[in-house]
Amino acid sequence: MPTPTFRDFKLNKQLWSAIEDAGFTMPTEIQEKAIPLVLGGHDVLGIAQTGTGKTAAYLLPMLMKIKYAQGTDPRALIVVPARELAMQVVDHIKMFSKYTDLRYVALVGGTGTKTQKDALAEGVDIVVATPGRLMDMYLPGFLNLKAIQMFVMDEAERLLDMGFKHQIDRILAVMPAKKQNLLFSATWSEKVKTISEDFLEAPIEIRVSPEMKTVKTVSQIVYMVPNMRTKINLLDYLLKSEMLRKVMIFCKTKATATNISKYLERKYGSEMVRVLHGNKDHNTRMNAIRMFRDEPLRFLVATDVAARGIDIEGVSHVINFEVPLIYEDYVHRIGRTGRALRTGDSITFVAPGDEYHLKKIQKLIGNKIPVEDFPEEVEITETPYEERQSMLRDIDEQRRREDPEFKGAFHEKKRKEKKK
Ligand code: ADP
Ligand code: MG
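Residues numbered from 1 in each chain as written. Chains lettered and ligands numbered in written order. Predicted model: local features only at pLDDT ≥ 70, side-chain atom pairs only at ≥ 80, totals over all residues. Heavy atoms only, no water.

A. How the structure looks around the site of ligand 1. Around ligand 1, the surrounding shell holds 17 residues, and the nearest of these are Met26, Gln31, Gly51, Lys54 and Thr55. Backbone polar atom of glycine 53 to an oxygen atom of ligand 1: 3.1 Å apart, as the coordinates give it. Protein chains bury 90% of the 560 Å² of accessible surface belonging to ligand 1 in isolation. Its residues assigned to classes, the shell around ligand 1 shows five nonpolar, nine polar and three charged. (Near = heavy atom within 4 Å. Polar contact = N/O pair within 3.5 Å; in protein donor to acceptor, adjacent residues only side chain to side chain. Areas by Shrake-Rupley, 256 points an atom, 1.4 Å probe, with all protein chains shown as cover. Nonpolar A, V, L, I, M, F, W, Y, C, P; charged D, E, K, R; others polar.)

This is how it looks when you write it as structure tokens:
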């Protein structure tokens, strides 16, 4: 079969040129499958993991259909769960619409409403929005949704997880019933199924990776590490290699993320490190991401919540300093590296209390992640009493979850004493 190119799609010269300028040479799998269907006017449910190019999969055919500036009210609406995602979609629109006169606006929180209102009043063709700000604009009448011909829910499962179902229903209720609906998601869940049944019209379902398969181009390994202190020793050792050029380090909690980033700052200088977590405001987060992409920043330390769905480019390595407890997050995390046909590596530190979660993750991704020998050069520090107790408790907890009959090897008594 000949290699597909973007010229194989029924787009136009303006789009083909913009795609070329963007440096996209080969469509990704989801693009190859979705673009013709969306151009054909079908409702589509597209499931493909993070970093596989879902944005262009719906945007290119959308821009082709919306074509040029017309009227005042928007004809296309894209709803996403977070501001950062909206900005990424807008960046893609900007990139692809450069040879057209299409007008677009991002309706997102965290900034004033004036510019957004002005843009709407002047007329836009495409709106990209988070649900909250969209309603804020719609309810007082700054936005008319009667002309919407195409509606996209991007990162649908996140939208639902974040509790936006109610807002989505309200938005759906005020748009014309006859329109093209597209739903994209990195993962498939019962909730996604339900909402697609609710509002997609005879949808064609595209699944690029059945179940959760990790990006093929990412090589994955795990290290078994007995405790926190030894994790730091191992991190130190790994970071000596210059191959680890742009490293994203994932932690479970804000506290650990902050500690690790402070540690790296002391060691490598503060200009090398930024941290992303839920407490950082929008601008700080966007700034950190930009600096990581464009400037000498070498480390980005993040929690899952803060990094969810954000497109961060040029990551050479992902280090899972802690194993995520939401197993899908593992796939999201390592999706940061090897994005869109680039290769990369993911390294996961597994503490004794995490072996259970590792098993679950392996089950989810459908393969075993090879265990790397612990490097001889790295000092193994003894596990402090508190940390050991806490790990043993976790392990008991996990056994109990698997086997409700299990009484617990770790002393139930001690636990009760502690609670007092
Ligand atoms: P997803 O939404 O599936 O997580 P994105 O649409 O954000 O993925 O794409 C991930 C990255 O890959 C973006 O930087 C995007 O510009 C880039 N990309 C997408 N498609 C291609 C392609 N065909 N060729 C090269 N880069 C691409
Ligand atoms: Mg996306």
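B. Seen up close, the nonpolar core. By size, the foremost hydrophobic cluster in this structure holds 42 residues, and its most contacted members are Met62, Ile78 and Phe184. Of all the elements in the fold, those that place two or more residues in this core are α1 (13-21), α2 (29-39), α3 (54-66), β2 (76-79), α4 (83-96), β4 (126-129), β5 (150-153) and β6 (180-185). Ranked by residues supplied to this core, first place goes to α3 with nine residues. Residues in contact with phenylalanine 184, not counting those within four places in the same chain, are Ile30, Ala34, Val44, Gly46, Lys54, Ala57, Tyr58, Val152, Met153, Asp154, Glu155 and Ala156. (Core = buried A, V, L, I, M, F, W, Y, C linked by side-chain atoms within 4.5 Å. Buried < 20%, exposed > 50% of the residue type's maximum accessible area, 1.4 Å probe, protein only. Helix = DSSP H or I, 4+ residues; strand = E, 2+ residues; numbered from the N terminus. Contact = heavy atoms within 4.5 Å.)

C. Layout of helix α9 (residues 190-199). All buried positions along α9 are accounted for by Val192, Ile195, Ser196 and Phe199. Taken end-on, α9 shows its buried residues confined to a sector of 100 degrees, consistent with a single buried face. In this structure, α9 carries Glu190, Glu197 and Asp198 as exposed residues pointing more than 90 degrees from its buried face. Buried residues belonging to α9 abut β1 (44-47), β5, α7 (156-161), α8 (165-174) and β6. (Arc of directions from axis to C-beta.)

D. Spatial organisation of the packing of aromatic side chains. Scanning the entire structure with this criterion turns up eight aromatic pairs. Aromatic pair tyrosine 58 and phenylalanine 184: ring centres 5.4 Å apart, planes at 40 degrees, arrangement tilted. Within this pair, whereas tyrosine 58 is found in helix α3, its partner phenylalanine 184 is found in strand β6, the two being separated by 126 residues in sequence. Note on tyrosine 58: relative accessible area 0%, which makes it buried. Since its relative accessible area comes to 0%, phenylalanine 184 is described here as buried. Lying over the aromatic face of phenylalanine 321, lysine 231 brings its terminal NZ or CZ to 5.4 Å of the ring centre. Above the face of the phenylalanine 292 ring, lysine 246 is positioned so that its terminal group lies 5.4 Å from the ring centre. (Phe/Tyr/Trp six-rings, centres within 6.5 Å; stacked < 30°, edge-to-face > 60°. Lys NZ or Arg CZ within 6 Å of the ring centre and 35° of its normal.)

E. Region of interest: the sheet that holds β2. Taken together, the seven strands give an open sheet; going across it, the order is β3-β4-β2-β5-β6-β1-β7, and neighbouring strands pair in parallel fashion. The strands lining the two open edges of the sheet, one partner per strand, are β3 (104-107) and β7 (204-207). Pairwise comparison of adjacent strand axes, ignoring direction, gives a mean angle of 15 degrees for this sheet. With four bridges connecting them, β2 and β4 associate as parallel partners. By the bridge assignment for β4, leucine 77 is matched with valine 127. Sitting on the sheet, α3 touches β2, β4, β5 and β6, and the angle it makes with β6 is about 165 degrees. (Pairing = 2+ DSSP bridges. Axes fitted to C-alpha atoms, helices over the stretch in contact; angles between N-to-C directions.)

F. Looking closely at the environment of proline 36. Tracing the backbone shows proline 36 in helix α2. Relative accessible area serves as the criterion here: at 39%, proline 36 is assigned to the partly exposed category. Separated by 21 residues in the primary sequence, proline 36 and alanine 57 place their C-alpha atoms 9.4 Å from one another. What proline 36 contacts, discounting residues up to four positions off in sequence, is Phe9 and Gln31.

G. Inspection of the pairing of strand β12 (residues 317-320) at higher detail. Across the two faces of β12 the burial is the same, with His317 and Ile319 and Val318 and Asn320 all buried. Pairing of strand β9 (residues 247-251) with β12, which is carried by four bridges, proceeds in the parallel orientation. Counterpart to isoleucine 249 in the pairing with β12 is isoleucine 319.

H. Focus on unusual backbone geometry. For glutamate 155, which is not a glycine, the phi torsion comes out positive at approximately 55 degrees. Residue class for glutamate 155 comes out buried when judged on its relative accessible area of 7%.

I. The arrangement of the environment of threonine 230 in detail. Considering the arrangement of structural elements, one finds threonine 230 in helix α10 (residues 228-239). With 112 residues separating them in the primary sequence, threonine 230 and aspartate 118 have C-alpha atoms 55 Å apart. Apart from the residues within four sequence positions on either side, threonine 230 is in contact with Val225, Phe374, Glu379, Ile380 and Thr381.

J. Summary view of helix α15 (residues 355-365). Of all the residues in α15, the buried ones are Tyr356, His357, Leu358, Ile361, Gln362 and Ile365. After α15 finishes, the residue glycine 366 shows a positive phi value of roughly 75 degrees.

K. Expanded view of the side chain of lysine 246. With respect to the helices, strands and loops of the structure, lysine 246 is situated in the loop between α10 and β9. Here lysine 246 falls in the buried class, since its relative accessible area comes to 13%. Reaching out from lysine 246, the side chain makes a polar contact with the backbone oxygen of phenylalanine 292 at a distance of 2.6 Å.

L. Expanded view of the pattern of salt bridges. A full pass over the atoms with the stated rule returns 17 salt bridges. Two residues, aspartate 125 and arginine 103, come together in a salt bridge whose shortest N-O distance is 2.9 Å. Taken as a pair, aspartate 125 in the loop between α5 (114-122) and β4 and arginine 103 in the loop between α4 and β3 lie far apart in primary sequence, 22 residues in all. Take arginine 103: its relative accessible area is 23%, and that puts it in the partly exposed class. For the salt bridge of aspartate 118 with lysine 114, the shortest nitrogen-to-oxygen distance reads 2.7 Å. (Salt bridge = Lys/Arg side-chain N within 4 Å of Asp/Glu carboxyl O.)

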